[in-house]
Amino acid sequence: MELLLSALLVFALRLLDVPLSTVRMLYMVRGQRGAAAALAFFEALIWLVAITRVFAHLTSPVQYLGWALGFAVGTALGMGVEGWLAPGYVTLRIITRGSARTLVDRLRGAGYGVTEVEGRGLEGPVAVLYVVVQRRSVRPLLRLVEAHDPKAFVTLEQTQRARGGHVRERPLWGGVRK
């Protein structure tokens, strides 16, 4: 019974440290040292406790299963947490052959800052729209574009930093406002 409880503890600890690792990597890539360092501290501490439990029972395959299953489920959980947090910004480039004026008005009406450039595509004139948004605002923006112009060509690019302009701030939780 003690081995099973130990394996469950290892599993639970991996459910904590693997998502922390995922989020820590995001903050590292974005150059946010303080947040990355704080997460690294807790990640290492949790990992150390988990590996100590495994080494205490090296002949028990159930410990290995707890470790491996915790890592697998923790990876999926980390991806979910990362998607929920969605830190950072994305630049969308929307190329439309339709009426750009209506789309621009709808996007601006929804609070998005839009930069419009005239262009020429293979089949004639196009409008190239640039919109910088927080990552967690991408889906609603894409739904707006899709509703207006399902054939629009859309690319998304990770944006390292954004400042100035009209970047729509969307709170992390519904009750939190800036």
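Below is a short write-up of the structure.

The rules behind these values
Residues numbered from 1 in each chain as written. Predicted model: local features only at pLDDT ≥ 70, side-chain atom pairs only at ≥ 80, totals over all residues. Heavy atoms only, no water. Core = buried A, V, L, I, M, F, W, Y, C linked by side-chain atoms within 4.5 Å. Buried < 20%, exposed > 50% of the residue type's maximum accessible area, 1.4 Å probe, protein only. Helix = DSSP H or I, 4+ residues; strand = E, 2+ residues; numbered from the N terminus. Contact = heavy atoms within 4.5 Å. Arc of directions from axis to C-beta. Pairing = 2+ DSSP bridges. Axes fitted to C-alpha atoms, helices over the stretch in contact; angles between N-to-C directions. Phe/Tyr/Trp six-rings, centres within 6.5 Å; stacked < 30°, edge-to-face > 60°.

Turning our eyes to something else, we now look at the nonpolar core. If you look at the biggest cluster of nonpolar residues, it comprises 17 residues, and the most contacted ones within it are Ile94, Leu107, Leu129, Val131 and Leu141. Elements with a minimum of two residues in this core: strand S1 (89-96), helix H4 (100-109), strand S3 (124-134) and helix H5 (138-148). Leave out the neighbours within four places in its chain, and Leu141 touches Leu92, Ile94, Leu107, Tyr112, Val131 and Val133. Formed by 5 residues, the second largest nonpolar core is a distinct cluster that contains Val23, Ala36, Leu39 and Leu85.

A word on H5. All of the buried residues in H5 are Val138, Leu141 and Val145. When H5 is viewed along its axis, its buried side chains cluster within an angular range of 70° and face the same direction. Summarising the geometry of H5, the exposed residues directed more than 90 degrees from the buried face are Arg139, Arg143 and Ala147. Looking at the buried side of H5, the elements it contacts are S1, H4, S3 and strand S4 (153-159).

This part is about the sheet that holds S1. One open sheet accounts for 4 strands, arranged S2-S3-S1-S4; its pairing is antiparallel. Across the chains shown, the open sheet's two edge strands, defined by having one partner strand only, are strand S2 (115-121) and S4. Ignoring which end each strand starts from, the neighbouring axes of this sheet average 25° apart. For S2 and S3, the ladder comprises 7 bridges, and the chain directions are antiparallel. Looking across to S3, one finds that Glu116 is bridged to Leu129. The strands touched by H4 are S1, S2 and S3; relative to S3, the strand with the most contacts, the crossing angle is about 10°. Along the sheet, H5 contacts S1, S3 and S4; its crossing angle with S1, the most-contacted strand, is approximately 5°.

Below, the discussion takes up the packing of aromatic side chains. Using the criterion set out here, one finds 2 aromatic pairs in the structure. Seen in terms of ring centroids, Phe41 and Phe42 are 5.1 Å apart; in terms of plane orientation they differ by 85°. Their pairing is edge-to-face. For Phe41, a relative accessible area of 51% translates into the label exposed. Pairing Trp47 with Trp67 gives two aromatic rings, centres 6.2 Å apart and planes at 75°, and the pair type is edge-to-face. Here Trp67 lies in helix H3 (residues 61-85) and Trp47 lies in helix H2 (residues 33-56), a separation of 20 residues in the sequence. Residue class for Trp47 comes out partly exposed when judged on its relative accessible area of 38%.

By themselves, these figures tell us nothing about what the structure is for.
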